[in-house]
Amino acid sequence: MASVKALVQSQDLKSLPSDYAHFKDSQKSIVAGPEVSLPVIDFSLLSSTNPDERAKVIEDLGKACEEWGFFMVVNHGIPENLINSLFNVCNEFFDMPEEEKLKFETTNPLYPVMVRSGSTIHDKSNQTVLFWRDYLRFFVHPEFYYPDKPQDFRDLISEYSQRTRDLAWKLLQGISQSLGMEEDYIQKAMDLDHSTQIFAANYYPPCPQPELAIGIPPHTDHGLLTFLLQNGVGGLEIQHEGQWFHVNALPNSIFVNTADQLEVLSNGKYKSVWHRAVVNNEKTRITLVVPNGPSPDTIVTPAAPLLREAPAAYGPMKYMEYVNVQRVTRLHEKPLLDRLKLH
Ligand code: OGA
Ligand code: NI
């Protein structure tokens, strides 16, 4: 299927092609939420030798997970030029001729390298609607895959994957402690030495009628923590206390959100946050997304130390099975996470 980028370039689009109309009735069109500021976590304090400073950041981290499920990490130590180069190489990828990109096209979610355009969803009347985005995704850990073009991908991704994995592990140590558990509890229980890490790039071209389209509909992510960078163009919205809010990034920050397996592990204390991507009619938006999960074979259950306080609220499921089932779950069906709830 042709990319959204090619569709936009091939014709002078004045209105949204009907396949992409998520909101048929302009009365019900998408309304961007008001902007909200997110909690900010200073990553450097997690390695502080001052115990008070460290205790404070762990408390902040716990609060951010519990109250928001979404925060911005600053002072993360990932060089700005690495991030810029990554955006450039992803842009180059989406700029390649269609036939080069289509080599990777597949609908199998477990295929290691995958490109997709206009992923589909089914609306309430079971009609197919396409997302306004092009998409590249591949597994980078425990096995490292990468597209063979552009050439720079391999080294850049390898470095970014390593650095974000370190970041995820350190944050999860702090999160373990914020739940009153040993620092390495999550690391061991989720087998993070073999953690599942995915690299995804979302490419949202300018859209002629953004209020009728959707980049990614409301969803929660699988995994423990997702990292997201954007190319300076907004579009990410999160649900907070029942309302949609637009979020914007501080310079040099990384968005982090809590995901489904962290909700299960924390026995419901840290809820997986609902979010969506809206589109605009002016600028191309690119986001680089790294979901960090347990090892593929980990059977995820609520953490044992937390069950002294409350009974398990979620049933067990192997992580890769979860990923597989979640991908084929339709938008109008009960989310998989809800189906694991025991009461
Ligand atoms: C995702 C996601 C949001 C965005 O890829 O899971 O939620 O703003 N992306 O691109
Ligand atoms: Ni997401």
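Under an unreviewed UniProt entry, the protein chain has the name 2-oxoglutarate-dependent dioxygenase 19-like and belongs to Coffea arabica. According to the UniProt record, the Sequence similarities (unreviewed entry) comment for the protein chain reads "Belongs to the iron/ascorbate-dependent oxidoreductase family."

**Q** Any chance you could explain the site of ligand 1 here in plain terms?
**A** Surrounding ligand 1, one finds Asn202, Tyr204, Ile216, His219, Asp221, Leu228, Leu236, His275, Ala277, Arg285, Thr287 and Val289. Contact between ligand 1 and His275: an oxygen atom at 2.9 Å from a side-chain N or O atom of the residue. In the complex, 92% of the free accessible area of ligand 1, which totals 290 Å², lies under the protein chains. Mapped by element, the contributors of at least two residues to the shell around ligand 1 are β8 (196–204), β9 (216–219), β14 (275–277) and β15 (285–293).

**Q** Please clarify how the side chain of Ser3 should be interpreted in this entry.
**A** Looking at the secondary structure, you find Ser3 in the segment before α1 (4–10). In this structure Ser3 comes out as buried when scored by relative accessible area, which is 4%. Looking at Ser3, its side chain comes within polar contact range of the side chain of Glu98, at 2.8 Å.

**Q** Can you walk me through the coordination of the nickel ion (ligand 2) in this structure?
**A** Expected angles at a metal are 109.5 degrees for tetrahedral coordination by four donors and either 90 or 180 degrees for octahedral coordination by six donors. Bound to the nickel ion (ligand 2) are the protein donor atoms His219 (NE2), Asp221 (OD) and His275 (NE2), situated 2.1 to 2.2 Å from the metal. Expressed as a motif, the donor residue spacing for the nickel ion (ligand 2) is H-x1-D-x53-H. Of this pair, Asp221 sits in the loop between β9 and β10 (225–230) while His275 sits in strand β14; the two residues are 54 residues apart in sequence, bridging distant segments of the chain. Residue Asp221 is classed as buried on the basis of its relative accessible area of 14%.

What counts and what doesn't
- Residues numbered from 1 in each chain as written.
- Chains lettered and ligands numbered in written order.
- Predicted model: local features only at pLDDT ≥ 70, side-chain atom pairs only at ≥ 80, totals over all residues.
- Heavy atoms only, no water.
- UniProt positions renumbered as here; feature names shortened; annotations may be inferred.
- Near = heavy atom within 4 Å.
- Polar contact = N/O pair within 3.5 Å; in protein donor to acceptor, adjacent residues only side chain to side chain.
- Areas by Shrake-Rupley, 256 points an atom, 1.4 Å probe, with all protein chains shown as cover.
- Helix = DSSP H or I, 4+ residues; strand = E, 2+ residues; numbered from the N terminus.
- Buried < 20%, exposed > 50% of the residue type's maximum accessible area, 1.4 Å probe, protein only.
- Donors = N, O, S within 2.8 Å, 3.2 Å for Na, K, Ca; no water.

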